[in-house]
Amino acid sequence: MDDKLMSKEAYAEQILWLRAKDVDEVQRLVAVAALGMCRALVASALSPAYACHRLFGPALLARLDQLDAHPALRHAIHMATELEDVADLIPDKLASAIADVEAELLKALADLAPSDLAGEKWLVRAP
């Protein structure tokens, strides 16, 4: 069997655990992940369909609503859930739509910015 294939199969079941313990940290983690997804979309490294399937879905928006998350963050994620539709229906507006999402995410991050480095890291060992 090919070494590369064996290597991929060996890691197929790996899980990466990210954990944020309080509401503000959860919001920061979501905002940073969403910004990264937006950058990947701008660079055409990922498709809007992939982004909406993996992160920008109604489940994330519902969870943010449950947390009573920052309005700019909820608005950004709401707009992000529509990126696949924008890409399909009015593709010439996709770049602008992504920029709008990024602006809202940055607004939320600025309001949620931590005052120091206290707290736990997001990357944790699996339980």
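Attention in this report is confined to the structure presented alongside it. (Residues numbered from 1 in each chain as written. Predicted model: local features only at pLDDT ≥ 70, side-chain atom pairs only at ≥ 80, totals over all residues. Heavy atoms only, no water.)

Remarks on the packing of helix H5 (residues 71-80) against helix H7 (residues 94-112)
- Packing of H5 against H7 brings their axes to within 8 Å, and their N-to-C directions diverge by 160°. Classed by the angle they form, the pair H5 and H7 counts as roughly antiparallel. Viewed along their axes, H5 and H7 form a crossing whose handedness is left-handed. Facing Ala 72, Leu 73, His 75, Ala 76, Ile 77, Met 79 and Ala 80 of H5, the residues of H7 in contact are Asp 100, Val 101, Glu 104, Leu 105, Lys 107 and Ala 108.
- Looking at the contact of H5 with H7, its residues break down into nine nonpolar, one polar and three charged. (Axes fitted to C-alpha atoms, helices over the stretch in contact; angles between N-to-C directions. Helix = DSSP H or I, 4+ residues; strand = E, 2+ residues; numbered from the N terminus. Parallel < 35°, antiparallel > 145°, perpendicular 65-115°, else oblique. Left-handed = near helix turned anticlockwise from the far one by under 90°. Contact = heavy atoms within 4.5 Å. Nonpolar A, V, L, I, M, F, W, Y, C, P; charged D, E, K, R; others polar.)

Things to note about the nonpolar core
- Judged by nonpolar contacts, the single largest core of 29 residues is most densely connected at Phe 56, Leu 64, Leu 73, Ile 77, Leu 83, Val 101 and Leu 105.
- Those elements giving two or more residues to this core turn out to be helix H2 (23-42), helix H3 (48-54), helix H4 (58-66), H5, helix H6 (83-89) and H7.
- If sequence neighbours within four positions are ignored, Ile 77 has contacts with Val 30, Ala 34, Phe 56, Leu 60, Leu 61, Leu 64 and Leu 105. (Core = buried A, V, L, I, M, F, W, Y, C linked by side-chain atoms within 4.5 Å. Buried < 20%, exposed > 50% of the residue type's maximum accessible area, 1.4 Å probe, protein only.)

Examining the pattern of salt bridges
- Using the criterion set out here, one finds five salt bridges in the structure.
- Across the pair Asp 65 and Arg 74 runs a salt bridge, and its minimum N-O distance is 3.8 Å.
- Since its relative accessible area comes to 43%, Asp 65 is described here as partly exposed.
- With its nearest N and O atoms 3.6 Å apart, the salt bridge here joins Asp 68 to Arg 74.
- Accessibility expressed as a relative area gives 58% for Asp 68, which makes it exposed.
- It is possible to trace a salt-bridge network through shared partners that takes in Asp 65, Asp 68 and Arg 74. (Salt bridge = Lys/Arg side-chain N within 4 Å of Asp/Glu carboxyl O.)

What about the packing of H2 against H7?
- Where H2 meets H7, the closest approach of the two axes is 9 Å, and the angle between their N-to-C directions is 155°. Taken together, the axes of H2 and H7 lie roughly antiparallel to each other. Both H2 and H7 take part in a crossing whose hand is left-handed. Counting all contacts with H2, which are made through Asp 24, Gln 27, Arg 28, Ala 31, Val 32, Ala 34, Leu 35, Cys 38, Arg 39, Leu 41 and Val 42, the residues of H7 involved are Ile 98, Val 101, Glu 102, Leu 105, Leu 106, Leu 109 and Leu 112.

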